[in-house]
Amino acid sequence: MAEAKKKTQEALTFAELQAKMQISKKSKQGVKFTFRNAEDIETHFKTLKSGWYLNLTDKLLEVAGRLFVVATVTVSNGEESHASESLAELDHVPVMNNY
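I will try to describe carefully the structure that is included in this document. If you're wondering where the values come from, they're calculated on a predicted model, not measured in any experiment.

Basis of the calculations
- Residues numbered from 1 in each chain as written.
- Predicted model: local features only at pLDDT ≥ 70, side-chain atom pairs only at ≥ 80, totals over all residues.
- Heavy atoms only, no water.
- Phe/Tyr/Trp six-rings, centres within 6.5 Å; stacked < 30°, edge-to-face > 60°.
- Helix = DSSP H or I, 4+ residues; strand = E, 2+ residues; numbered from the N terminus.
- 1 Å grid on protein atoms, 1.4 Å probe; cavity = no way out; pocket = protein on both sides within 12 Å on 5 of 7 lines; lining within 4 Å.
- Points joined across faces, edges and corners; volume = space filled by probe spheres on them.
- Nonpolar A, V, L, I, M, F, W, Y, C, P; charged D, E, K, R; others polar.
- Salt bridge = Lys/Arg side-chain N within 4 Å of Asp/Glu carboxyl O.
- Buried < 20%, exposed > 50% of the residue type's maximum accessible area, 1.4 Å probe, protein only.
- Polar contact = N/O pair within 3.5 Å; in protein donor to acceptor, adjacent residues only side chain to side chain.
- Pairing = 2+ DSSP bridges.
- Contact = heavy atoms within 4.5 Å.

Here the distance between the centres and the angle between the planes together describe a pair of aromatic rings. In the structure shown here, the tally under the stated rule is one aromatic pair. Ring geometry for F14 and W52: centres 5.9 Å apart, planes at 55°, overall tilted. Of this pair, F14 sits in helix α2 (residues 14-20) while W52 sits in the loop between α3 (38-48) and β1 (53-63); the two residues are 38 residues apart in sequence, bridging distant segments of the chain.

In structure tokens:
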């Protein structure tokens, strides 16, 4: 059974994994930038069956009273590991007074 599982995985190199993980960015009405979300990344990654493991984490960081999300993605295949971080500032949410 383990042998059959190994045959279904492609055992990609990191460079090949990067090439196959090129996901187009999305845009929404009213948003000034294009983006990828964690769900799209994870969904695409699962389809590859590459022999690599994906770990997505995020944390909040405050700098001079401004909030940022620090998103980190790490991929590992048991022998090597690669990580990348990205920051995005949280914008103020307008408060609507309905009274």
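That was the structure; now back to the text.
The next point concerns the layout of surface pockets. Approximately 1,300 Å³ is the volume found for the largest pocket. Every residue lining the largest pocket is counted, 37 residues in all, and those nearest its centre are R36, N37, I41, A71 and S86. Listing elements by their share of the lining of the largest pocket, those giving two or more residues are α2, α3, β1, β2 (66-76) and β3 (81-89). In terms of residue count, the dominant contributor to the lining of the largest pocket is β3 (eight residues). Within the lining of the largest pocket, the residues separate by chemical class into 20 nonpolar, ten polar and seven charged.

This part takes up the pattern of salt bridges. Tallying each qualifying case throughout the model produces two salt bridges. We note a salt bridge from K26 to D40, for which the minimum N-O separation is 2.9 Å. In this pair, K26 is assigned in the loop between α2 and α3 and D40 in helix α3, connecting sequence segments 14 residues apart. Note on K26: relative accessible area 39%, which makes it partly exposed. Salt-bridge contacts for E89 lead to R66; the nearest nitrogen and oxygen are separated by 2.7 Å. Here E89 is found in strand β3, whereas its partner R66 is found in strand β2, with 23 residues between them in sequence. Since its relative accessible area comes to 40%, E89 is described here as partly exposed.

Along the polypeptide, T47 turns up in helix α3. For T47, the side chain forms a polar contact with the main-chain oxygen of H44, separated by 2.6 Å.

Another point: the pairing of β3. With nine bridges connecting them, β2 and β3 associate as antiparallel partners. Bridge pairing in β3 places T72 opposite E85. As consecutive antiparallel partners, β2 and β3 are separated by four residues, and within that stretch G78 has a phi angle of approximately 95°, a positive value.

A separate point is the environment of L56. As for its placement among the helices and strands, L56 is situated in strand β1. We classify L56 as partly exposed; its relative accessible area is 31%. Residues L56 and S84, 28 residues apart in the sequence, show an inter-C-alpha distance of 10.0 Å. Beyond its immediate sequence surroundings of up to four residues, L56 is in contact with A38, E42, T72 and V73.

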